[in-house]
Amino acid sequence: MTVTQQKLVDRLKMQNGRYIALHLRYEKYMLAFTGCTYAYTTFSKYLSKENPEHWKVKNINSTDQRIGGFCPLTLKEVGIFLQALGYPPSTLIYVASGEIYGPDARLSEIKSRFLNLVFKLKAFAKHASQSATLDYTVSIESDVFVPSYSGHRRFLGHRKTINPARKGLVRLFDELESGQQREASSFSYFVRQMHKNRQGAPRKRKGPSPGIKGKARLRTEESFYENPYPECYVSQKLYKIVKLIWLHLLGMKTVA
């Protein structure tokens, strides 16, 4: 771990004792990759400008993507989600993210709910690899890791990681918008029950769907690299050794 990374982790720990690392996937390229452009009418201009000839054009319905749970949570949705889980406005949250797409008003949608948000210095924007390394280190050292799209810490002792059940959450968010639900104890109960078994605990990798053959069968099987359990499951002692080696390697490059 570099001096910069260690200082930031230490300051976060000293400030509140515990902190959440929020991996906020709301960059422009991420929205383009997932086809989740339903919130922006100007997105087509970006795609026409950035779309190289070798890109494969896909006909994606962004609304269907969202309903199916294939879109990253918006900043507003993340705020609602964390509050429903019981985290108070004073919770310290480190935001691991690239440049967030959209107007500054987007940030206010989560800032209005959580007062202690920590962002990287703008100087890191010019150093993509160092920025990613910093985010990675602060995330693995966090007490709770929350990815707004996908992510895990299975290679790091299955530490607490709350993976949003996006498909179920979208239904609840839409009910909030329509007035069928209110941000009250009942809403919080539904969210907590939905994530009771989504806290990063070890689980066996899902096998292929029955009755499907060939390459299609392989696509239904959960990737070994996404979830190596039960074949690869190390003891806490070995985990600590591997972690020290990995952090040492990450610390080879630092921002001058």
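Note that this is a predicted model, so its numbers are computed, not measured. (Residues numbered from 1 in each chain as written. Predicted model: local features only at pLDDT ≥ 70, side-chain atom pairs only at ≥ 80, totals over all residues. Heavy atoms only, no water.)

K.L.:
Describe the state of the cysteines, listing the residues and the values that go with them.
P.N.:
Summed over all chains, the structure comprises 1 disulfide. Across the disulfide from cysteine 36 sits cysteine 71; the S-S distance is 2.0 Å. Of note, the bridge from cysteine 36 to cysteine 71 carries an S-S torsion of about -95° and is left-handed in sense. On the criterion of sequence distance, the pair formed by cysteine 36 in the loop between α2 (28-34) and α3 (43-50) and cysteine 71 in the loop between α4 (62-67) and α5 (75-84) is long-range, its members being 35 residues apart. With a relative accessible area of 3%, cysteine 36 lands in the buried category. (Disulfide = S-S within 2.5 Å. Helix = DSSP H or I, 4+ residues; strand = E, 2+ residues; numbered from the N terminus. Buried < 20%, exposed > 50% of the residue type's maximum accessible area, 1.4 Å probe, protein only.)

K.L.:
Account for the side chain of glutamine 181, with residues named and values stated.
P.N.:
Residue position: glutamine 181 is located in the loop between α8 (166-178) and α9 (185-194). The class of glutamine 181 is buried, set by a relative accessible area of 12%. If we ignore the near neighbours within four places in the chain, the residues touching glutamine 181 are Leu172, Glu175, Leu176, Ser186, Phe187 and Phe190. (Contact = heavy atoms within 4.5 Å.)

K.L.:
Quick rundown of α5? Include the residues and the values.
P.N.:
Among the 10 residues of α5, 8 are classified as buried, and the element is accordingly described as predominantly covered. What α5 keeps buried is the set Leu75, Glu77, Val78, Gly79, Ile80, Phe81, Leu82 and Ala84. Backbone geometry just after α5 places glycine 86 at a positive phi near 105°.

K.L.:
Break down a nonpolar patch on the surface for me, citing the residues and quoting the values.
P.N.:
Side chains of Ile241, Ile245 and Leu249 sit close together on the surface and give an oily, nonpolar patch of about 280 Å² of accessible area. Exposure remark for leucine 249: the relative accessible area of 46% places this residue in the partly exposed category. (Patch = residues over 30% accessible without salt bridge, like charges linked within 9 Å, V, L, I, M, F, W, Y side chains within 5 Å. Areas by Shrake-Rupley, 256 points an atom, 1.4 Å probe, with all protein chains shown as cover. Salt bridge = Lys/Arg side-chain N within 4 Å of Asp/Glu carboxyl O.)

K.L.:
Pulling in residues and values, what's your account of the pairing of strand β1 (residues 20-23)?
P.N.:
Sheet analysis places β1 next to strand β2 (residues 92-96), joined by 4 bridges and oriented parallel. The partner of leucine 22 across the bridge, within β2, is valine 95. Where β1 meets strand β4 (residues 144-147), 4 bridges bridge the pair, whose relative direction is parallel. Each residue of the ladder has a partner; that of alanine 21, found in β4, is phenylalanine 145. (Pairing = 2+ DSSP bridges.)

K.L.:
Kindly report on α8, identifying the contributing residues and their values.
P.N.:
Taking 1.5 Å as the rise per residue, α8 with 13 residues should run 18 Å; its terminal C-alpha atoms sit 18 Å apart, in good agreement. Restricting attention to buried positions, one finds in α8 the residues Arg166, Gly168, Leu169, Val170, Leu172, Phe173, Glu175 and Leu176. On the buried face of α8, the contacting elements are α4, α5 and α9. Backbone geometry just after α8 places glycine 179 at a positive phi near 90°. (Expected span 1.5 Å × (residues − 1).)

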